Amino acid sequence: MNQTADVVVIGAGVHGASTAFHLAKAGAGRVVVVDKSGVASGPTAKSGAMMRPIFTEAPYIQLVMEATEMMERWDEVVGGDAGFVERGFLRFTPNFSEADLGGNLDLMKQLGVQFEILDVDALRARVPDAEFRGDEQGLWLPRAGYADPVLTTRTLMRAAERLGVKVHEGVQVTGLRASGARIEAVETGQGVIHTRTVVNCAGPWSARLAAGIGVHLPIETHSGGTALFQRPEALPVGSPIFSDGINQVYFREVGDHILRAAHFGWTNHPVDPDDYDETITAAKLQTLRGDLKKRFRSMQRGIFAGGFAAIYDMTPDAHPIIGNIGGVGGFWCNCGWSGNGFASAAAVGGHLAARMAGRSSAVDLKMFGWPRPPETRTRPDGNWIRR
Ligand SMILES: Cc1cc2nc3c(=O)[nH]c(=O)nc-3n(C[C@H](O)[C@H](O)[C@H](O)COP(=O)(O)OP(=O)(O)OC[C@H]3O[C@@H](n4cnc5c(N)ncnc54)[C@H](O)[C@@H]3O)c2cc1C
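Analysis parameters
- Residues numbered from 1 in each chain as written.
- Predicted model: local features only at pLDDT ≥ 70, side-chain atom pairs only at ≥ 80, totals over all residues.
- Heavy atoms only, no water.
- Pairing = 2+ DSSP bridges.
- Helix = DSSP H or I, 4+ residues; strand = E, 2+ residues; numbered from the N terminus.
- Axes fitted to C-alpha atoms, helices over the stretch in contact; angles between N-to-C directions.
- Phe/Tyr/Trp six-rings, centres within 6.5 Å; stacked < 30°, edge-to-face > 60°.
- Buried < 20%, exposed > 50% of the residue type's maximum accessible area, 1.4 Å probe, protein only.
- Lys NZ or Arg CZ within 6 Å of the ring centre and 35° of its normal.
- Expected span 1.5 Å × (residues − 1).
- Bend = angle between axes of the 7 residues up to and from the residue.
- Core = buried A, V, L, I, M, F, W, Y, C linked by side-chain atoms within 4.5 Å.
- Contact = heavy atoms within 4.5 Å.

1. Focus on the sheet that holds strand S18 (residues 304-314)
(1) Moving on: In spatial order, the strands read S6-S7-S5-S15-S16-S17-S14-S18; together these 8 strands make up an open sheet with mixed pairing. Where the open sheet ends on each side, the last strands, each with one partner, are strand S6 (116-118) and S18. With direction set aside, neighbouring strand axes in the sheet form an average angle of 20 degrees.
(2) Moving on: The pairing of strand S5 (residues 89-93) with strand S7 (residues 137-141) spans 5 bridges and is classified as antiparallel. Residue pairing across strands places Phe 89 opposite Leu 141, the latter belonging to S7.

2. Let's talk about the sheet that holds strand S1 (residues 3-4)
(1) Moving on: In spatial order, the strands read S1-S12-S11-S10; together these 4 strands make up an open sheet with mixed pairing. At either margin of the open sheet sits one strand with a lone partner, and together these are S1 and strand S10 (173-178).
(2) Moving on: For S1 and strand S12 (residues 191-194), the ladder comprises 2 bridges, and the chain directions are parallel. Looking at the pairing, Gln 3 lines up with Ile 193 of S12.

3. Focus on the packing of aromatic side chains
(1) Moving on: Applying the stated criterion across every chain, the model contains 9 aromatic pairs.
(2) Moving on: Look at Tyr 60 and Phe 368: their rings are 5.1 Å apart centre to centre, the planes differ by 70 degrees, and that puts the pair in the edge-to-face class. Placement of the pair is Tyr 60 in helix H2 (residues 58-72) and Phe 368 in the segment after helix H10 (342-356), with a sequence separation of 308 residues. Judged on exposure class, the residue Tyr 60 and its partner Phe 368 are both buried.
(3) Moving on: Each ring, one from Phe 242 and one from Phe 296, has its centre 5.3 Å from the other, and the planes form 50 degrees; the classification is tilted. With Phe 242 in strand S15 (residues 241-244) and Phe 296 in the loop between helix H9 (282-295) and S18, the pair connects residues that are 54 residues apart, well separated along the chain. Phe 296 matches Phe 242 in its accessibility class, with the two residues each being buried.
(4) Moving on: Through pairs of rings, three or more aromatic residues link up here, namely Phe 92, Phe 132, Phe 242, Phe 251 and Phe 296.
(5) Moving on: Directly above the aromatic system of Phe 55 lies the positively charged group of Arg 52, at a separation of 5.5 Å from the ring centroid.
(6) Moving on: Above the ring of Tyr 146, the side-chain terminus of Arg 252 is found at 4.0 Å from the ring centroid.

4. Remarks on H10
(1) Moving on: Counted at 1.5 Å a residue, the expected span for H10 with its 15 residues is 21 Å, and the 21 Å between its end C-alpha atoms agrees.
(2) Moving on: Maximum bend of H10: about 40 degrees, positioned at Val 348.
(3) Moving on: Among the 15 residues that make up H10, 13 are buried, leaving the element largely enclosed by the rest of the structure.

5. What to know about the nonpolar core
(1) Moving on: Judged by nonpolar contacts, the single largest core of 70 residues is most densely connected at Val 9 and Val 199.
(2) Moving on: Once residues lying within four places of it in the same chain are set aside, the contact partners of Val 199 are Val 7, Val 8, Val 9, Ile 10, Thr 19, Leu 23, Trp 332, Asn 334, Leu 352 and Met 356.
(3) Moving on: With 27 residues, the next largest nonpolar core counts Ala 5, Ala 207, Ile 321 and Cys 335 among its residues.

What follows is the structure in structure tokens.
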């Protein structure tokens, strides 16, 4: 496969697909995508794919709002169906502090996020199957939902191909070549691609690739379990995403008969992305079921329908790493999304493509540079994955 390209995107997860699509739309020349496995074959495939703009920093809120607008008109702006359903998102919470919510309501309002605060009586009326403490309130976001992560990624990639992008599946990048602090080639199991620009979208494998050219990316791979349950009769089809701030567990539909649930956090010990246990452990299932039962009466009899473990590419402050990194010309990164990369993915590629072309863009990605610029704060919500 010896060839030349203007840009090589490494990784065909949702970020690689979005980056390729937007680069092609921006006229970036010959864009090639390489994935060692296939389109949407990595952690993207297991994503909850939930989209809700609850954050404390403007760029995330803007990106998720923009990606949601794209989802609402997917066939027109990308082509095909991303499986997006706008069911709304309901967080149960005792207070609206940034630490408890992971979001800043004033900032969200200022940026145009639609939300409503529900008192405990409204919560009880809306979710009769759930038990609420007297001090709880609800944060209701009507313009939130979830997509099908595989369909989203495939349709983005097919749109990129229609714009001329070449996608190579089953081709592993084995090394990067740089000379005089400038990218000059990508080595693969099937030959060399000569290029002066690379975008590293390799998720949990990103740090290994960067290390090959002496760039340290502080990304560790951690795992977390998701359980599936048969829908209890008491929870009607078409329910919103439920996010329980007290028991730290979320719950959403997968089609009409299955619900998927996971804790906000992750298991805090690194795993090898090429060799980890992909099953859900009995202990994890027990704590998940226990936490769901504390909230939903019908989950006392919740019927287990399977489960899995998946991996997250975690950075120390749980913000992604985006930009030209490590002082190597032509070495761009869009990785380290720390368990919340789906929601903004469709939009991020556009702002990154603008930056790569030296243009300004409506969303400032500066806070995601590495090393972190001074304005980047550590997440206010401890070890939560923002759901
Ligand atoms: C269980 C779970 C639930 C989640 N829920 C949500 C959610 O509800 N909302 C949300 O916003 N986010 C969620 N996320 C996070 C989100 O799904 C991820 O941040 C996002 O999918 C990451 O996409 P990516 O393209 O960066 O990486 P990946 O999906 O990891 O893709 C990386 C790709 O790179 C390829 N690759 C790696 N190394 C090489 C190499 N050397 N050569 C060639 N190819 C290579 C891999 O094969 C892979 O296809 C969830 C994640 C998980 C695991």
